[in-house]
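Structure assessment
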Amino acid sequence: MSLRRRDRRLLRGVALCLVMTAILTSSVDAEAPEPCRKHKNSEQKIALTFDDGPHKAYTEEILEILDEYGIKATFFVVGSNVEKHPELVKREMEAGHEIGNHTYSHPHLTNIEADTLYREMLETETILMNLTEFRPKLFRPPEGVYSQTVSTTLERLDYIPILWTVDTNDWKKPTAEAIAQTVVEHTEPGVIILCHDFVSGKSNTPAALRIFIPKLMEQGYQFVTVSELLMSE
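Quick caveat: nothing in here was measured; it's all calculated off a predicted structure.

On a plain count of helices and strands, the protein comes out with nine helices and eight strands. Counting every position in the protein, which comprises 233 residues, the buried fraction comes to 53%. Across the protein, every contact between residues at least 6 apart in sequence was considered, and the portion connecting residues at least 24 apart equals 77%. For the protein, the exposed surface amounts to about 10,900 Å²; the carbon and sulfur share of it is 49%.

What follows covers the pairing of strand E3 (residues 98-101). Burial of the side chains of E3 extends over both faces: Glu 98 and Gly 100 are buried on one face and Ile 99 and Asn 101 on the other. Where strand E2 (residues 74-77) meets E3, four bridges bridge the pair, whose relative direction is parallel. Looking across to E3, one finds that Phe 75 is bridged to Ile 99.

Side chains that are three or four residues apart share a direction in an α-helix, a result of its 3.6 residues per turn. Of the residues making up helix H7 (residues 176-186), those classed as buried are Ala 176, Ile 179, Ala 180 and Val 183. Relative to the axis of H7, the buried residues are bounded by an arc of 95° and lie together on one face. Those residues of H7 that are exposed and aimed more than 90 degrees away from the buried face are Glu 177 and Glu 185. On the buried face of H7, the contacting elements are strand E6 (166-167), strand E7 (192-196) and helix H8 (205-218).

What follows concerns the environment of Glu 125. Take Glu 125: it is sitting in helix H5 (residues 114-132). It is 6.8 Å that separates the C-alpha atoms of Glu 125 and Pro 136, two residues lying 11 residues apart in sequence. The contact partners of Glu 125, leaving out residues within four places of it in the chain, are Asn 101, Arg 135, Pro 136 and Tyr 159.

Turning next to the environment of Arg 156. If you trace the backbone, Arg 156 turns up in helix H6 (residues 148-157). Excluding residues within four positions of it along the chain, Arg 156 makes contact with Asp 115 and Tyr 118.

Quick look at the pairing of E2 now. Every regular strand shows the same layout, with side chains that alternate between the two sheet faces. Side chains Thr 74 and Phe 76 project from E2 onto one buried face, and the interleaved Phe 75 and Val 77 project onto a second face that is buried too. Looking at chain direction, strand E1 (residues 45-51) and E2 are connected through three bridges and run parallel. Directly across from Phe 50, in E2, lies its bridge partner Phe 75. At this point the chain moves from E1, through helix H2 (residues 58-69), to the parallel E2, and the crossover so formed is right-handed.

Attention now moves to the packing of H2 against helix H4 (residues 86-94). At a minimum axis distance of 10 Å, the contact between H2 and H4 shows a crossing angle of 15°. With respect to their mutual orientation, H2 and H4 come out roughly parallel. Of the two possible hands of crossing, H2 and H4 adopt the one that is left-handed. Taken together, the residues of H4 that come into contact with H2 (itself represented by Thr 59, Glu 60, Leu 63 and Glu 64) are Leu 88, Arg 91 and Glu 92. A breakdown of the residues in the contact of H2 with H4 according to their chemical character gives two nonpolar, one polar and four charged.

Rules used in this analysis
Residues numbered from 1 in each chain as written. Predicted model: local features only at pLDDT ≥ 70, side-chain atom pairs only at ≥ 80, totals over all residues. Heavy atoms only, no water. Helix = DSSP H or I, 4+ residues; strand = E, 2+ residues; numbered from the N terminus. Buried < 20%, exposed > 50% of the residue type's maximum accessible area, 1.4 Å probe, protein only. Contact = heavy atoms within 4.5 Å. Areas by Shrake-Rupley, 256 points an atom, 1.4 Å probe, with all protein chains shown as cover. Pairing = 2+ DSSP bridges. Arc of directions from axis to C-beta. Right-handed = clockwise from strand over helix to strand, strands pointing away. Axes fitted to C-alpha atoms, helices over the stretch in contact; angles between N-to-C directions. Parallel < 35°, antiparallel > 145°, perpendicular 65-115°, else oblique. Left-handed = near helix turned anticlockwise from the far one by under 90°. Nonpolar A, V, L, I, M, F, W, Y, C, P; charged D, E, K, R; others polar.

Right, dumping it as structure tokens:
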């Protein structure tokens, strides 16, 4: 498929996603255009995403699990963590996973100034460009806070806002079984699943992946990157 055709399909997918997304949550400014939370499709495609990494231990373990099952995911990375573990981001790219921007320092966005957010995003983008020669096009706001300020900044930098459909709350450290149950019970074609590859202390996310990934694959679901999900029909 030509790059131009892929770009057209991606843009079409984004447009459909914006139309079909659910009503805004309380954390979203009602004046801002709706970010993407899911993209329904007829192919049972879903997107598995990870926030806040890379982490020196958990990211590597998660990459090994994804490789074991032969699936791709999208990692929304924090720039300061990329600086600490650049080799892990290179490994993500080499394995065919997608990289998204998650700011440089993971600030609270409720009252952030536009220039501050711009610098946060641009710094992470620059780090990734210098490391991988790749410019991300997807952005996930920390804590899912989406306002007119965020929207305007994304438009200024030409990013697509991505939230999620299924929240595992794995950062709160529920059991692996509880995380897996949440995912399995709420998954349907087109969902975007939120996990974290950076959790302070003990993380149950890797163990949960080993439970819910094979269960969903048995049900016919296909794990794809977010961009691939947006291009699906």
